[in-house]
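Structural overview
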Amino acid sequence: MSGAAIAARGAGLVKRFEETTALGGISFEVAAGEIFGFIGPDGAGKSTLFRILATLIIPSAGTAEVLGRNVVTQHWDVRARVGYMPGRFSLYPDLSVEENLTFFASVFGTTIAREYDRIAPIYSQLEPFKERRAGALSGGMKQKLALSCALVHRPELLLLDEPTTGVDAVSRREFWELLAQLKTTGLTIVVSTPYMDEADRCDRIALIDGGKILATDTPASIAGSFGRPLLAVKAKDRYRALLILRTFPHVHTVFPFGEVLHYSDERKDAAPEQVAAEVAEFLRVKGLEGADVHPIAAGIEDSFMERLS
Amino acid sequence: MTALWGLLRKEALHILRDRRTLAVLLLLPVLQVVIFGYAIRTDVEDVRLAIVDPAPDFATLRLRGRLTAAHVFRLITVLRETEPLERLFQTGAVQAALVFEPGFADDLGRGLPARLLVITDTTEPNTGVTIQGHVLSVVQSVMREMPPRAGGVQIVPEARLRFNPTAESKNLFVPGLMAFVLTIISCLMTAITLTREKETGTMEALLVSPLRPWQIIVGKVAPYLLVGFASVIGVIVEARLVFDVPLRGSVPLLLAEGVLFILVSLALGVLISARTDSQRVAMTAALLGTMLPTMILSGFIFPVESMPRVLQYLSNVVPAKWFVIIARGIMLKGVGLAYLWQETLVLFGMALVLLGAAARSFHERLE
Amino acid sequence: MTDGPPVIEVKDLTRTFGSFVAVDHITFEVHPGEVFGFLGANGAGKTTAIRMLTGLLVPSGGQAKVAGHDVYTQSESVKRSIGYMSQRFSLYEDLTVRENAQLYGGIYGLRDAEIRERIGAMLSRLKLEAAADTRVSALPLGWRQKLAFSVALLHRPTIVFLDEPTSGVDPVTRRQFWELIYETARAGTTVLVTTHYMDEAEYCDRISIMVAGRIEALGAPSDLKEQFGVESMDELFVRLARPATGAPAGSAPP
């Protein structure tokens with residue numbers, strides 16, 4: 001991180017609304033040219049944070065800078081250099097794909113033709129449908145259009161607030177491939193998402209919940225900092241296995257994770273292989289035959305949940 | 001049956017807990033009683049009267065005394081000739097005039113008909129007809145007290161409805177209708193278009209662009225200015241061609257005043273949209289806050305002079321009221337800025353204040 | 001899974017809107033006590049299919065029976081036998097939890113005493129007794145989803161339809177919700193759930209994946225992964241939705 005330019009920075013950001021405190025003191029740094037993800041569920045404060053960075057609202061306390069400019073006092077400078085994609089699809093449903101893009105280009109004083117090479121990787125997928133009304137596009141296509149509109153004025157930094165929410169798995173995957181492509185042009189990308197699996201696609205992430213940051217680091221480091229033995233338990237009757245495991249004397253948490261159950265032990269320093277053997281035996285004793293138990297490395301979701309509870 | 005009951009109970013709870021709906025529901029009947037009870041009053045009061053009595057004698061003086069005793073009339077001035085009447089009517093200083101012939105008492109004594117001209121300004125036909133009726137009844141009661149002369153004696157009132165010869169309500173309506181239509185277009189539609197951007201989320205995208213707030217407002221609102229202007233023209237054309245409503249005054253002046261009124265309504269629309277993110281709330285606020293007062297308090301349908309003092313004061317705050325006076329003046333009385341400068345100044349002042357407030361209300365941020 | 005006749009029996013079910021075929025001759029069964037995942041991309045026909053099964057939409061063709069009732073001729077009986085919870089709407093926000101339960105209980109014909117007893121049981125199971133007289137709008141999202149689910153079960157339906165019940169909720173609450181689903185299924189209520197989270201697809205006993213109005217995969221998650229030679233549900237989904245390189249399957253609009 002040292003030596004790289006800082007593209008965005010927040011220091012002690014607080015935002016209070018009438019009845020709630022959306023952000024309770026957020027601090028972070030985003031390096032230029034990286035993909036930085038804010039990972040957290042609904043209500044974590046992601047949209048509020050992004051609105052502050054996009055200069056749409058003013059923090060109650062703390063400061064933020066984007067591309068070296070203060071978001072409160074130099075907001076017009078920030079707006080000219082940042083591409084913002086808000087949480088809801090902020091496109092005009094009754095205008096066509098091309099009309100939407102033309103409008104956003106014109107507002108920034110440019111045209112589609114002039115910026116074509118910048119938006120081509122995405123826009124080329126939309127071009128066959130450029131006459132279609134934006135309201136008639138599928139969720140995945142709307143995303144791509146919104147992204148094109150955010151890129152058309154050649155920003156230096158992209159702020160994408162939950163760009164993949166509500167969209168099917170395939171489109172989500174394609175979207176992240178587009179982001180990886182964009183990164184190679186030197187663009188800094190700041191993304192928020194509730195999907196834990198997308199965390200691995202970022203260079204660095206910040207886990208956020210209830211207006212606070214739980215951890216900031218590379219995905220690998222966060223996953224690696226789990227700090228206690230973690231096992232994957234595969235059994236035919238998953239629910240029964242879950243109930244039995246909860247009665248194990250040293251259990252910390254047991255959660256379903258797709259096909260398997262993730263079991264974590266309260267004994268932080270125990271050897272994972274040892275724990276696996278104990279658990280397998282325990283299951284056998286309780287009448288659950290044929291369970292497959294082995295240690296695994298923690299993922300982002302495991303780490304997030306660990307920090308939540 | 002429990003299912004239905006449960007649903008009814010739920011709806012009751014919703015209503016009780018939504019303070020805004022509750023306020024409207026409780027307030028509306030009260031408002032209705034007040035406004036309709038007081039606004040629609042057929043009896044007239046305090047009508048401004050001018051008397052022309054070239055040769056006062058005992059008959060004219062007695063009549064004058066009785067007519068002014070009943071508080072139906074408020075005597076503004078007594079004149080010797082009819083010439084100044086025109087101007088008094090045009091400025092609205094008087095709403096009715098009684099003109100006695102010279103030699104009134106002599107005629108009566110000799111058994112000849114003594115003429116009394118009753119002139120009323122009936123840009124509000126209801127008032128005009130009622131005034132006539134009142135004068136008639138006073139005259140008749142005075143007549144009964146006089147000793148009968150040989151051959152019979154009559155006072156024959158000759159009524160001329162001055163500005164609205166056929167007393168047709170359409171002439172009355174059209175200026176008010178113009179105000180109403182313009183309010184819909186300029187205020188309601190402006191409020192809706194701005195809140196629609198907020199509802200769909202596109203407002204965020206606009207704000208974050210280099211567009212300055214004034215550019216956003218002008219860009220969104222200018223089309224409605226044009227549409228409003230076109231509809232002023234449309235209403236005038238239709239009124240002239242189809243309904244034969246007179247247009248005695250200056251057309252350019254009417255259009256200019258129309259533009260002024262449109263600006264006031266536009267500003268109100270922007271102000272309403274600044275307070276809410278929801279189209280539905282904007283629509284309701286525009287309806288209750290501008291269209292209802294326009295309908296009831298502007299003199300569009302119900303004459304303001306007949307309303308209780310409180311409502312008359314209130315009506316001064318309604319921009320449409322001033323525009324209706326101006327439009328009626330230009331269309332039906334044929335007067336110009338010389339007579340309407342006060343009302344124009346009021347509208348101009350409203351426009352400045354509201355536009356200023358609207359400009360400040362529209363932030364370059366979300367809050 | 002318990003024994004007995006299927007709770008849902010669908011054969012060649014079809015629904016068209018004008019010339020557009022939203023659901024194209026789908027056939028499947030759901031067994032009692034099963035947790036069945038009904039998956040597919042937006043626009044694949046899931047919502048239309050569910051509307052037909054919940055008695056909200058009449059099919060254009062084919063047969064469908066829910067809880068033994070024919071959806072064409074017995075839609076009212078269908079509605080009485082099912083529970084429903086969707087992401088877009090769960091409970092009325094300005095009513096309290098108790099009032100919501102009383103409303104739905106009443107609608108489904110439960111007597112006051114029954115409602116009171118079941119609300120009590122529901123709240124103590126969720127350990128949310130304190131929330132009984134709080135307005136839903138004041139409760140955290142995670143609690144609302146669980147409460148909505150419980151209210152949907154108040155009248156002990158044969159099968160409950162869950163439409164993306166865990167969207168946007170934090171990962172811990174999501175899993176707690178799924179434990180509720182398991183519990184419910186073990187107690188004999190059949191659960192049909194749709195979701196965008198592919199890992200949740202793994203929690204189901206069996207799943208179906210709809211693409212362009214047709215069912216392209218049907219079976220237990222592990223069997224399907226083996227059948228298609230993929231490691232995860234995510235990959236399976238991609239394989240089905242985009243069979244060639246990048247081109248969308250079928251005639252679904254992009």
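Residues numbered from 1 in each chain as written. Chains lettered and ligands numbered in written order. Predicted model: local features only at pLDDT ≥ 70, side-chain atom pairs only at ≥ 80, totals over all residues.

Quick word on the overall build of chain C
To be explicit about the condition: Where helices and strands are cited, they refer to DSSP runs of H or I of at least four residues and of E of at least two residues respectively, numbered from the N terminus. Based on C-alpha atoms, the radius of gyration is set beside the globule rule, defined as 2.2 Å times the residue count to the power 0.38. This entry defines residue contacts through backbone-placed C-beta atoms, with two residues in contact when those atoms are within 7 Å.
Within chain C, the secondary structure is distributed over nine helices and ten strands. For 254 residues, the compact-globule estimate of 2.2 N^0.38 gives 18 Å, and the C-alpha radius of gyration of chain C, at 19 Å, lies within 12% of that figure. Looking at chain C alone, contacts between residues at least 24 apart form 68% of all its contacts between residues at least 6 apart.

Topic: helix H6 (residues 171-186) of chain C
Operational definition: To estimate the expected span of a helix, subtract one from its residue number and multiply by 1.5 Å. Residue burial here comes from a neighbour count, namely the number of other C-beta atoms, placed from the backbone, that lie within 10 Å of the residue's own C-beta, with 20 or more meaning buried, 12 or fewer meaning exposed, and in between meaning partly exposed. Summarising the geometry, the arc corresponds to the directions from the helix axis toward the C-beta atoms.
Here H6(C) is 16 residues long and its end C-alpha atoms lie 23 Å apart, about the 22 Å a rise of 1.5 Å per residue gives. The complete set of buried residues in H6(C) reads Pro171(C), Arg174(C), Arg175(C), Trp178(C), Ile181(C), Thr184(C) and Ala185(C). For H6(C), the buried positions fall inside an angular range of 170 degrees around the axis, keeping them on one side. Where H6(C) is buried, its residues meet strand S12 (251-257) and helix H10 (300-308) of chain A together with strand S3 (35-40), strand S8 (190-194) and helix H7 (198-203) of chain C.

What about the sheet that holds strand S7 (residues 159-163) of chain C?
All names here are of chain C. Our working rule: In this description, strands pair whenever DSSP reports at least two bridges between them. Working convention: axes come from line fits to C-alpha atoms, limited for helices to the stretch in contact. Angles between N-to-C directions cover 0 to 180 degrees.
With mixed pairing, six strands are arranged side by side in an open sheet as S6-S7-S8-S3-S9-S10. Two strands close off the open sheet at either side, each with one partner strand: strand S6 (82-86) and strand S10 (214-219). Going from strand to strand, the sheet's axes swing by 15 degrees on average, the running direction of each strand aside. As paired strands, strand S9 (residues 206-211) and S10 are joined by five bridges and run antiparallel to one another. Its bridge partner being in S10, Met210 is matched across the sheet by Ile215. Helix H1 (residues 46-53) contacts S3, S7, S8 and S9 of the sheet and is inclined by roughly 140 degrees relative to S3.

Regarding the nonpolar core
Rule in force here: The term nonpolar core refers to a set of buried Ala, Val, Leu, Ile, Met, Phe, Trp, Tyr and Cys residues connected through C-beta atoms within 7 Å. Start and end positions for the domains come from either an automated domain assignment or a database one.
Counting residues in each nonpolar core, the largest one holds 96 residues, and the members touching the most others are Leu53(A), Leu159(A) and Val233(A). Counting contributing residues per domain, this core is built from domain 1 (4-223) and domain 2 (226-308) of chain A, each supplying no fewer than three. In contact with Leu159(A), other than residues within four places in its own chain, are Phe50(A), Leu53(A), Ala54(A), Val82(A), Tyr84(A), Met85(A) and Val190(A). In this structure, Ala64(C), Ile115(C), Ala131(C) and Leu162(C) belong to the second largest nonpolar core, which totals 72 residues.

Details of unusual backbone geometry
Residues and elements named next belong to chain C. A positive phi angle is found at Lys127, which is not glycine, with a value near 60 degrees. Along the chain, the position of Lys127 falls in the loop between helix H4 (112-126) and helix H5 (141-152). Classification of Lys127 as exposed rests on a count of 8 C-beta atoms within 10 Å. One non-glycine residue, Arg156, lies in positive phi territory at about 50 degrees. Within the secondary structure, Arg156 is located in the loop between H5 and S7.

Focus: the domain arrangement of chain A
A common way to report how large an interface is uses the accessible area buried once the components associate. Residues and elements named next belong to chain A. For the record, the criterion: Nonpolar residues are Ala, Val, Leu, Ile, Met, Phe, Trp, Tyr, Cys and Pro. Charged residues are Asp, Glu, Lys and Arg, and all others, Gly as well, are polar.
Taken as a whole, chain A is organised into domain 1 (4-223) and domain 2 (226-308). The C-alpha-based centres of domain 1 and domain 2 are spaced at 37 Å. Counting residues at the interface gives eleven residues for domain 1, matched by ten residues for domain 2. Mapped onto the side of domain 1 that touches domain 2, the elements with two or more residues apiece are strand S9 (204-209), strand S10 (212-217) and helix H7 (219-224). No other element matches H7, which puts three residues into the side of domain 1 that touches domain 2. Here the side of domain 1 that touches domain 2 is built from residues that sort into nine nonpolar, no polar and two charged.

Quick word on the environment of Leu271(B)
All names here are of chain B. Relative to the helices and strands, Leu271 resides in helix H10 (residues 251-275). For the pair Leu271 and Leu355, spaced 84 residues apart in sequence, the C-alpha to C-alpha distance is 8.8 Å. When near neighbours in sequence (up to four residues on either side) are disregarded, Leu271 contacts Leu354, Ala357, Ala358 and Ser361.

As for the packing of helix H4 (residues 112-126) of chain A against helix H5 (residues 139-151) of chain A
Residue and element names in this part refer to chain A. How we decide: Orientation is classified from the angle alone, with under 35 degrees giving roughly parallel, over 145 giving roughly antiparallel, 65 to 115 giving roughly perpendicular, and any other angle giving oblique. Left-handed describes a crossing whose near helix is turned anticlockwise from the far helix through less than a right angle; right-handed describes the clockwise counterpart.
Packing of H4 against H5 brings their axes to within 9 Å, and their N-to-C directions diverge by 150 degrees. In terms of axis orientation, H4 runs roughly antiparallel to H5. Our pair here, H4 against H5, has a crossing hand that is left-handed. In this structure, H4 uses Arg118, Ile119, Ile122, Tyr123, Gln125 and Leu126 to contact H5, whose residues at the interface are Met141, Lys144, Leu145, Leu147, Ser148 and Leu151. Grouping the constituent residues of the contact of H4 with H5 by class yields eight nonpolar, two polar and two charged.

Examining the sheet that holds S12(A)
What holds strands together in a sheet is hydrogen bonding between their backbones, with the strands either parallel or antiparallel. All names here are of chain A. The four strands lie next to each other as S12-S13-S11-S14, forming an open sheet whose pairing is antiparallel. Edge positions in the open sheet fall to S12 and strand S14 (292-295), since each of these has one partner strand only. Ignoring which end each strand starts from, the neighbouring axes of this sheet average 25 degrees apart. Helix-sheet contacts for helix H9 (residues 272-285) involve strand S11 (230-234), strand S13 (260-265) and S14, and the interaxial angle to S14 is about 165 degrees.

Quick look at the interface of chain C and chain A
Taken together, the contact pairs 27 residues of chain C with 25 residues of chain A. Secondary-structure elements contributing two or more residues to the side of chain C that touches chain A are H6, H7, helix H8 (221-228) and helix H9 (233-241) of chain C. A per-class count over the side of chain C that touches chain A returns 15 nonpolar, five polar and seven charged.

Let's talk about the environment of Val260(A)
For Val260(A), the location among the structural elements is in strand S13. Setting aside anything within four residues of it in sequence, one finds Val260(A) in contact with Ala232(A), Val233(A) and Lys234(A).

Some thoughts on the packing of helix H9 (residues 213-241) of chain B against H10(B)
If you want to describe how two helices pack, look at the angle between their axes and the distance between the axes. Residues and elements named next belong to chain B. The contact between H9 and H10 brings their axes to 10 Å, and the two run at 140 degrees. Considering the angle they form, H9 stands oblique to H10. Where H9 crosses over H10, the handedness of that crossing is right-handed. Mapping the contact onto sequence places Ile217, Val221, Tyr224, Leu225, Gly228, Phe229 and Val232 in H9 and Leu255, Gly258, Val259, Ile262, Leu266 and Val270 in H10. Among the residues making up the contact of H9 with H10, the classes are represented as eleven nonpolar, two polar and no charged.

Regarding helix H6 (residues 169-183) of chain A
The end-to-end C-alpha distance of H6(A) is 21 Å, a good match for the 21 Å that 15 residues give at a rise of 1.5 Å each. For H6(A), every residue scored as buried is listed here: Ala169(A), Ser171(A), Arg172(A), Arg173(A), Glu174(A), Phe175(A), Trp176(A), Leu179(A) and Leu182(A).

A word on the pairing of strand S3 (residues 35-39) of chain A
All names here are of chain A. Within S3, five of the five residues are buried, which leaves the element mostly enclosed by the surrounding structure. Both faces of S3 are covered, namely the face carrying Ile35, Gly37 and Ile39 and the face carrying Phe36 and Phe38. In this structure, S3 lies alongside strand S8 (residues 188-193), joined through five bridges in parallel fashion. Residue pairing in the sheet places Gly37 in a bridge with Val191 of S8. As judged from the four bridges shared by S3 and S9, these two strands associate in the parallel manner. Following the sheet pairing, Gly37 is matched in S9 by Ile205.

Here's the deal with the environment of Ala285(B)
Residues and elements named next belong to chain B. On the secondary structure map, Ala285 appears in helix H11 (residues 279-297). Of the residues examined, Ala285 has 22 C-beta atoms within 10 Å and is grouped as buried. Considering only alpha carbons, one finds Ala285 and Gly109, 176 residues apart in sequence, at a separation of 66 Å. Once residues lying within four places of it in the same chain are set aside, the contact partners of Ala285 are Ile272 and Thr276.

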